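Spelled out from the first residue to the last, the chains are:
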Amino acid sequence: GHPIHPDSVKARVIKDEIYEHLFHGQLFQVTNSMEVLTEDQLLGIFRIPDGPQFSEVTPWKNKDLVTSPLQTELGFQVAGLYSLDRSDMMALPSSLESIEYSSMMGTDENAFAWVKFKGREGNVFSYDIDLIDTSGNVRFSYKGFSLKGLMASKTELNGDHSFPFEEIMSPKKDVRTF
């Protein structure tokens, strides 16, 4: 079946559970839920954030954007959750091979992120991400999006933003965060 009308869903994770592990502010809590479709495919369901998405002091408006930042963030968060779940490693964006664009999405437009895990090499996780509208059309594709794991979790994450991370070695230097 189509990713927004899957034949089956192996598991579903809701917003409250997601943001127990991701420490994003209210505006960036854009994942309403996440569905596990297969071992390496997930579907993120967009949550339109409450409140204004653009500051009154900037001249930016939605019409000025080429990509839709918060729908894109949905795909990136779902990929990050997959990396965290599969490897107990917090990972941050590190590269992108290409972006394919068909048409703009409004910042208040509902969307889905179809996230396909492509593989892991060391502490780098690779994905293809399609942003899909409610009619099932792919509007943006992020090919070869990679996340680099920089922190390994010692214990389960908790909601108090005091995360006990152990240091892991980067090829260039020691990474110290939090």
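Everything numeric here is computed off the predicted structure, so don't read it as measured data. (Residues numbered from 1 in each chain as written. Predicted model: local features only at pLDDT ≥ 70, side-chain atom pairs only at ≥ 80, totals over all residues. Heavy atoms only, no water.)

1. Side note on the overall build of the protein
Note the cut-off: The helix and strand labels rest on DSSP assignments: H or I over at least four residues marks a helix, E over at least two residues marks a strand, and numbering proceeds from the N terminus. The contact definition used throughout considers only heavy atoms, calling two residues in contact when any of these lie within 4.5 Å. To measure how exposed things are, a 1.4 Å probe is used in the Shrake-Rupley method; for residues, cover is taken only from the protein chains shown.
The number of helices and strands found in the protein is two helices and nine strands. Reading the secondary structure of the protein in the N-to-C direction produces β-α-β-β-α-β-β-β-β-β-β. Across the protein, contacts joining residues at least 24 apart in sequence account for 62% of those joining residues at least 6 apart. As displayed, the protein has an accessible area near 9800 Å², and 51% of this comes from carbon and sulfur atoms.

2. Some remarks on the pattern of salt bridges
Applicable threshold: Salt bridge, as used here, is a side-chain nitrogen of Lys or Arg placed within 4 Å of a carboxyl oxygen of Asp or Glu.
Taken as a whole and assessed by the stated rule, the structure comprises nine salt bridges. The closest approach of N and O atoms between Glu-109 and Arg-139, which form a salt bridge, is 2.7 Å. Of the two residues, Glu-109 is situated in the loop between strand E5 (98-101) and strand E6 (112-121) and Arg-139 in strand E8 (residues 138-153); the sequence distance between them amounts to 30 residues. Between Lys-116 and Asp-130 there is a salt bridge, and its shortest N-O distance comes to 2.7 Å.

3. Examining the packing of aromatic side chains
Convention followed: Planes of paired rings set the category: under 30 degrees apart is stacked, over 60 is edge-to-face and the rest tilted, where pairs are Phe, Tyr or Trp rings (Trp by its six-membered ring) whose centres lie within 6.5 Å. Burial here depends on accessible area, computed with a 1.4 Å probe over protein chains only, as a share of the maximum for the residue type. Under 20% is buried, over 50% is exposed, and the range in between is partly exposed. For a lysine, the NZ atom is tested; for an arginine, the CZ atom; a charge sits over a ring if that atom is within 6 Å of the ring centre and within 35 degrees of the ring normal.
With the rule as written, the count across this model stands at seven aromatic pairs. Seen from their ring centres, Phe-76 and Tyr-142 are 5.8 Å apart, and the 75 degrees between their planes marks the pair as edge-to-face. Separated by 66 residues along the polypeptide, Phe-76 in helix H2 (residues 69-87) and Tyr-142 in strand E8 bring together distant segments of the chain. Look at Tyr-82 and Phe-117: their rings are 4.8 Å apart centre to centre, the planes differ by 35 degrees, and that puts the pair in the tilted class. Taken as a pair, Tyr-82 in helix H2 and Phe-117 in strand E6 lie far apart in primary sequence, 35 residues in all. Given the relative accessible area of 7%, Tyr-82 is considered buried. Taken together, the ring pairs in this structure connect Phe-76, Tyr-101, Phe-140, Tyr-142 and Phe-145 into an aromatic cluster. Over the ring of Trp-114 we find Lys-116; its NZ or CZ atom is 4.1 Å from the centre of that ring.

4. Brief notes about the environment of Pro-49
Mapping Pro-49 onto the fold places it in the loop between strand E3 (41-46) and H2. In this structure, the C-alpha to C-alpha distance between Pro-49 and Leu-27, residues 22 residues apart in sequence, is 5.4 Å. Sequence-distant contacts of Pro-49, that is, excluding residues within four places in its chain, are made with Leu-27, Val-30 and Leu-70.

5. Looking at a nonpolar patch on the surface
Put simply, the rule is: Like-charged residues within 9 Å of one another, or nonpolar side chains (Val, Leu, Ile, Met, Phe, Trp, Tyr) within 5 Å, are grouped into patches, provided each residue has over 30% relative accessible area and no salt bridge.
A contiguous nonpolar patch, built from Leu-96, Ile-99 and Tyr-101 and spanning about 290 Å² of accessible area, is present on the exposed surface. In this structure, Tyr-101 sits in strand E5.

6. A word on the pairing of E3
In the case of a regular strand, side chains alternate between the two sheet surfaces. Keep this limit in mind: Between any two strands, pairing holds if DSSP finds at least two bridges.
The buried fraction of E3 amounts to five of the six residues, a majority that puts the element mostly inside the structure. Two elements, strand E2 (residues 31-38) and E3, share six bridges in a ladder whose sense is antiparallel. Opposite Val-36, over in E3, you have Leu-42 as the bridge partner. Counting the residues in the hairpin turn of E2 and E3 gives two residues.

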